[in-house]
Amino acid sequence: MTVRHFLSLMDCSQAELIGLIKRGVELKALHRQGVVYEPLKNRVLAMIFEKASTRTRVSFEAGMIQLGGQAIFLSPRDTQLGRGEPIEDSARVLSSMVDAVMIRTFAHADVETFARNSTVPVINGLTDSLHPCQLLADMQTYHEQRGSIQGKRVAWIGDGNNMCNTFIQAAMQFDFTLSVACPEGYEPDQALLDQAGDRITLTRDPREAAAGAHLISTDVWASMGQEDEAEARLKRFKPYQVTPQTLDQADESVIFMHCLPAHRGEEVSCELMNDPRCVVWDQAENRLHVQKALVEFLLVD
Ligand code: CP
Ligand code: NVA
């Protein structure tokens, strides 16, 4: 049997993605009720982090423990990966010892190389290109707050980064339209734009993107690995800050999402983080529940 990986939202069918979201809702309810559910007893998830993380690390680790398994945190500082052992060799060895591997790294190609050489499922915990686990949580959050996102209008305001790329894939898989407002030179991946076709519109004007939107999302202006560009980006992105006034131009049911960490006063105003339309805390919590659904999907027969 071929191993299922979760490197992007395109690795699942639309029905499977909807199933994961609904299962995330169920697992959240079970957790709230204090029900013990341990289908992953004795199962181990290795987590390779080449970049920092709060939510991804804790949600996967807590999730594995809650499901009766364990998670091992691996940083390049402490492993041979950081001293140049080939990804292919690391994948072969690690996958002979654990039941799944989660990787957060820079180049998306590295996660693909790892997956090709792994005998167990590999999960993308964020690359420079994509952050699919975050979009699972975002889609669960929209589903809980407003119901189906099918046919709705989503606005992405800010950098055309890994989160924006993943929103483009989500638009295709969950069947919504996406308006991306970003400065020239900071567009999302062209191949993804081509693939998504007229579902996606590009504009330079955040107000145009926000008009009529049911969901508005943004992210930091300088992602991990772009620290040297942070100052220049701060100037370039200034007109793209999302505020309560941005949401006032949207549909009256609009909600605001941010994958976090948030930089108040940069991509999001302080006021918006305290606005009742802001659902970022539910979004962050849902990382736990929907990723439990994901590992259950990948590991439980
Ligand atoms: N949103 C997100 O992935 O957060 P972390 O970087 O804290 O994992
Ligand atoms: N775009 C951000 C997301 C952090 C969760 C980054 O890659 O740093």
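What this report covers is the structure whose coordinates are included nearby.

Our focus in this paragraph is the side chain of Ser 118. With respect to the helices, strands and loops of the structure, Ser 118 is situated in the loop between helix 4 (108-116) and strand 4 (122-124). A polar side-chain atom of Ser 118 sits 2.6 Å from the main-chain carbonyl oxygen of Val 120.

Counting residues in each nonpolar core, the largest one holds 55 residues, and the members touching the most others are Phe 6, Ile 123, Leu 136, Phe 167, Phe 176 and Leu 178. The element that contributes the greatest number of residues to this core is helix 6 (residues 162-174), accounting for 8 residues. When sequence neighbours within four positions are dropped, the list of residues in contact with Phe 176 reads Met 139, Ile 149, Gly 151, Lys 152, Val 154, Phe 167, Ala 170, Ala 171 and Arg 199.

Moving on, we come to the sheet that holds strand 4. Reading across from one edge, 2-1-3-4 is the order of the 4 strands in this open sheet, with parallel pairing throughout. Edge positions in the open sheet fall to strand 2 (70-74) and strand 4, since each of these has one partner strand only. In this sheet, adjacent strand axes meet at a mean angle of 20° when their direction is disregarded. Pairing geometry for strand 1 (residues 44-49) and strand 3 (residues 100-104), over 5 bridges, is parallel. Looking across to strand 3, one finds that Met 47 is bridged to Met 102.

Below, the discussion takes up the packing of aromatic side chains. Remark: the centre distance and the inter-plane angle together describe each pair of aromatic rings, the angle taken between the planes. Counted under the stated rule, the structure contains 5 aromatic pairs. Seen in terms of ring centroids, Trp 156 and Phe 167 are 5.5 Å apart; in terms of plane orientation they differ by 45°. Their pairing is tilted. Separated by 11 residues along the polypeptide, Trp 156 in strand 5 (residues 153-157) and Phe 167 in helix 6 bring together distant segments of the chain. By the burial criterion, Trp 156 is buried, and Phe 167 matches it. Ring geometry for Tyr 186 and Phe 237: centres 4.9 Å apart, planes at 65°, overall edge-to-face.

Next up on the list: the pairing of strand 6 (residues 177-181). Most of strand 6 sits out of view: 4 of its 5 residues are buried. In this structure, strand 5 lies alongside strand 6, joined through 5 bridges in parallel fashion. Across the sheet, Arg 153 pairs through a bridge with Thr 177, a residue of strand 6. At this point the chain moves from strand 5, through helix 6, to the parallel strand 6, and the crossover so formed is right-handed.

To continue, consider the site of ligand 2. Taken together, Leu 126, Asn 161, Asn 162, Asp 219, Val 220, Ser 223, Met 224, Cys 259 and Leu 260 are the residues near ligand 2. Here a nitrogen atom of ligand 2 and a side-chain polar atom of Asn 161 are 3.4 Å apart. Note that an oxygen atom of ligand 2 is positioned 2.8 Å from one of the backbone N or O atoms of Met 224. Here ligand 2, which alone exposes 270 Å², has 93% of that area covered by the protein. Class assignment of the residues belonging to the shell around ligand 2 gives a composition of 5 nonpolar, 3 polar and 1 charged.

All right, on to the site of ligand 1 then. Close contacts around ligand 1 come from Ser 53, Thr 54, Arg 55, Thr 56, Arg 104, His 131, Gln 134, Cys 259, Leu 260 and Arg 287, and that covers them all. Within the side chain of His 131, a nitrogen or oxygen atom sits 2.8 Å from an oxygen atom of ligand 1. Residue Gln 134 places a side-chain N or O atom 3.0 Å away from a nitrogen atom belonging to ligand 1. Across the complex, the protein chains shield 95% of the 250 Å² of accessible surface that ligand 1 would expose by itself. Class assignment for the residues of the shell around ligand 1 results in 2 nonpolar, 5 polar and 3 charged.

The next thing to look at is the packing of helix 3 (residues 87-95) against helix 4. Contact geometry of helix 3 with helix 4 gives a least axis separation of 8 Å together with a crossing angle of 45°. Between helix 3 and helix 4, the interaxial angle falls into the category oblique. In this structure, helix 3 crosses over helix 4, and the sense of that crossing is right-handed. Residues Ile 87, Glu 88, Ser 90, Ala 91 and Leu 94 of helix 3 form the contact with helix 4, whose own contacting residues are Asp 110, Thr 113 and Phe 114.

What counts, and at which threshold
Residues numbered from 1 in each chain as written. Chains lettered and ligands numbered in written order. Predicted model: local features only at pLDDT ≥ 70, side-chain atom pairs only at ≥ 80, totals over all residues. Heavy atoms only, no water. Helix = DSSP H or I, 4+ residues; strand = E, 2+ residues; numbered from the N terminus. Polar contact = N/O pair within 3.5 Å; in protein donor to acceptor, adjacent residues only side chain to side chain. Core = buried A, V, L, I, M, F, W, Y, C linked by side-chain atoms within 4.5 Å. Buried < 20%, exposed > 50% of the residue type's maximum accessible area, 1.4 Å probe, protein only. Contact = heavy atoms within 4.5 Å. Pairing = 2+ DSSP bridges. Axes fitted to C-alpha atoms, helices over the stretch in contact; angles between N-to-C directions. Phe/Tyr/Trp six-rings, centres within 6.5 Å; stacked < 30°, edge-to-face > 60°. Right-handed = clockwise from strand over helix to strand, strands pointing away. Near = heavy atom within 4 Å. Areas by Shrake-Rupley, 256 points an atom, 1.4 Å probe, with all protein chains shown as cover. Nonpolar A, V, L, I, M, F, W, Y, C, P; charged D, E, K, R; others polar. Parallel < 35°, antiparallel > 145°, perpendicular 65-115°, else oblique. Left-handed = near helix turned anticlockwise from the far one by under 90°.

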